[in-house]
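# Descriptive analysis of the structure
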Amino acid sequence: MVIYLSGEVDDELSLDEMSPRQIVAALDKYVVGQNAAKRAVAIALRNRVRRQKLPPDMAADVMPKNIIMIGSTGVGKTEIARRLAKLSSSPFIKVEASKFTEVGYVGRDVESMIRDLTEIAVEMVRSQKSKEIAAKAEHNVEERLLDLLLPPSKSSSSYFDITEELDTANANANGVKVDDNSQRTREKFRQQLRDGKLANRMVEIEVHERNFPTIELAGPQGVEEMGINMKDMLGNIFQGKTKMRKMRVDEATEYLMQEEEERLIDMDSVARTALERVESAGIIFLDEIDKIAGREGGHGPDVSREGVQRDILPIVEGTTVNTRYGMVRTDHILFIAAGAFHVSKPSDLIPELQGRFPIRVELESLTVADFERILTEPKNSLIKQYKALLETEGIELEFRSDAISAIAQFAGQVNQSTEDIGARRLHTIVEKLLEQISFEGPDLEEKTQIIDENYVNSMLSDTVKDQDLSRYIL
């Protein structure tokens, strides 16, 4: 795990085109160590691609090899999932097992993860379709805007105002046909529209009222999980009302683009493609699975743990889930589970569920040497982030190598003396270290700040030595 970042992966290849070695290399840019987990994930994803190349009768019998990642918090489980989401062109969702409750209890039912995954797939396909029809949609919007800017009626005051600006009032005097003159005027406006010169001009367009009534249905799955599209059920009853609204050209362009996309994109085709992708290439990262590990005999809040496991079992094994876009088979969805297993252990899961996760990978605890690598090696490491943040105010941070070692030592020491939260400890350590510089940033006279071992010791040693204080601050 290493550092939580928002940077995109810049690999040209999609995940389906990458070999296992290339997938591991891509993960290495952001996740330090944990080679066993990376290899297991890379093989599982590549096997999914290999299965799709098999004859249909054999492919149907090749089940995904689901994975359980076992390791304490902060060692890389979630970060591997985050990076897979960036790499993957497949429908991907990360969910927490602790959110689900047994059927009959108030809370989210396990089938909601499939519905959420389907929604993600639909949005992915819709986005791709939007790019495909973008050129046609832009052309249609441009023509509609030109019709608004140049109404056909010559008696319109706005028409004369606009044509005067373009100095075409004397066109007929020169013997030019009216149609040719109008076409030239339209082309001039088209160029001005493309150059953004008409962005602030006001136009009046017809818009649909979107105040669709809210209808809630109570059911065993919960209001948000009913999966019923009231718009489809009630048809266009509430969509017939329109009104005229004045807006700037740039605002009208955005609104009309949405209308054109809705008109040009076949949502039935999008839904069919999305369902196929979910069934053949969907990936679900099931985090915190250790929180539901337990057998019967518990009391109070523990009583539904085994029930949640039994509800998850058919989803992982293969069942059909009803979504608003159609039925989804879960047989070939890849499940990657993860848990710290501090209190419980994988054998506390019910045997049937254990059997559905044949591959188990144990992630190693992070050492001081790992912390040093985490601070400097990832593409957008924590040190690089703080340098970039303070550079926006003209402050240059210079970290000496002895400072990096000292920070790693303090992180390892605090993890040993308090709770071991892995690489997340680096966030608290570095934030405490740079607190004064960050606070005084804009007012600092010395714009180059050197962070060496002496500075690290002066800022952190007292806090780390005081065990009670470090528990609250670090």
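Structure: above.
Residues numbered from 1 in each chain as written. Predicted model: local features only at pLDDT ≥ 70, side-chain atom pairs only at ≥ 80, totals over all residues. Heavy atoms only, no water.

Summing up its helical and strand segments, the protein has 20 helices and 11 strands in all. Burial analysis of the protein (474 residues in total) assigns 43% to the buried set. Considering only intrachain contacts with a sequence separation of at least 6, the fraction spanning at least 24 residues in the protein is 78%. (Helix = DSSP H or I, 4+ residues; strand = E, 2+ residues; numbered from the N terminus. Buried < 20%, exposed > 50% of the residue type's maximum accessible area, 1.4 Å probe, protein only. Contact = heavy atoms within 4.5 Å.)

Right, let's talk about the packing of helix α1 (residues 20-28) against helix α2 (residues 35-52) for a bit. It is at 8 Å that the axes of α1 and α2 come closest, and there the two elements cross at 135°. The orientation of α1 with respect to α2, classified from their angle, is oblique. As for how α1 packs across α2, the hand of that crossing is right-handed. For the pair α1 and α2, contact is made by P20, I23, V24, L27 and D28 and by N35, K38, R39, A42, L45, R46 and R50, respectively. Residue composition of the contact of α1 with α2, by class: 6 nonpolar, 1 polar and 5 charged. (Axes fitted to C-alpha atoms, helices over the stretch in contact; angles between N-to-C directions. Parallel < 35°, antiparallel > 145°, perpendicular 65-115°, else oblique. Left-handed = near helix turned anticlockwise from the far one by under 90°. Nonpolar A, V, L, I, M, F, W, Y, C, P; charged D, E, K, R; others polar.)

Phi at Q34 takes a positive value of approximately 55°, unusual for a residue other than glycine. For Q34, the position within the fold is in the loop between α1 and α2. Looking at Q34, the relative accessible area reads 7%, which means it is buried.

Inspection of the secondary structure puts N140 in helix α6 (residues 134-149). On the basis of relative accessibility, which here comes to 17%, the residue N140 falls in the buried class. Beyond its immediate chain neighbours, meaning those up to four positions away, N140 contacts E260, R263 and L264.

The subject of this paragraph is the packing of aromatic side chains. Two aromatic rings, taken as a pair, are described by how far apart their centres are and by the angle between their planes. Within this structure, the stated rule accounts for 0 aromatic pairs. Looking at R83, its charged tip hangs above the ring of Y30, at a distance of 4.1 Å from the centre. (Phe/Tyr/Trp six-rings, centres within 6.5 Å; stacked < 30°, edge-to-face > 60°. Lys NZ or Arg CZ within 6 Å of the ring centre and 35° of its normal.)

Of all the positions in helix α17 (residues 424-433), only R425, L426, I429, V430 and L433 are classed as buried. An end-on view of α17 places all buried positions within 120° of arc, on one side of the element. (Arc of directions from axis to C-beta.)

With 16 residues, α6 extends 22 Å between its outermost C-alpha atoms, agreeing within 8% with the 22 Å of an ideal straight helix rising 1.5 Å per residue. Those residues of α6 that fall on the buried side of the exposure criterion are A137, N140, V141, E142, L145, L146 and L149. (Expected span 1.5 Å × (residues − 1).)

Let's shift gears to the sheet that holds strand β1 (residues 67-70). Spatially, β2-β5-β8-β1-β9 is the arrangement adopted by the 5 strands of the open sheet, whose pairing is parallel. Only two strands of the sheet have a single partner each, and these edge strands are β2 (92-96) and β9 (359-362). Each strand axis lies, on average, 20° off the axis of its neighbour in the sheet, ignoring direction. Lying over the sheet, helix α5 (residues 112-132) contacts β2, β5 (283-287) and β8 (334-339), oriented at roughly 150° with respect to β2. (Pairing = 2+ DSSP bridges.)

Contact pair helix α16 (residues 401-417) / α17: the axes reach a minimum separation of 9 Å and the direction vectors enclose 125°. Between α16 and α17, the angle is such that the two are oblique. Here the hand of the crossing between α16 and α17 comes out right-handed. Packed against α16, whose contacting residues are I407, F410, A411, V414 and N415, the element α17 presents R425, L426, I429, V430 and L433 at the interface. When its residues are assigned to classes, the contact of α16 with α17 shows 8 nonpolar, 1 polar and 1 charged.

Geometric values such as these leave the question of function open.
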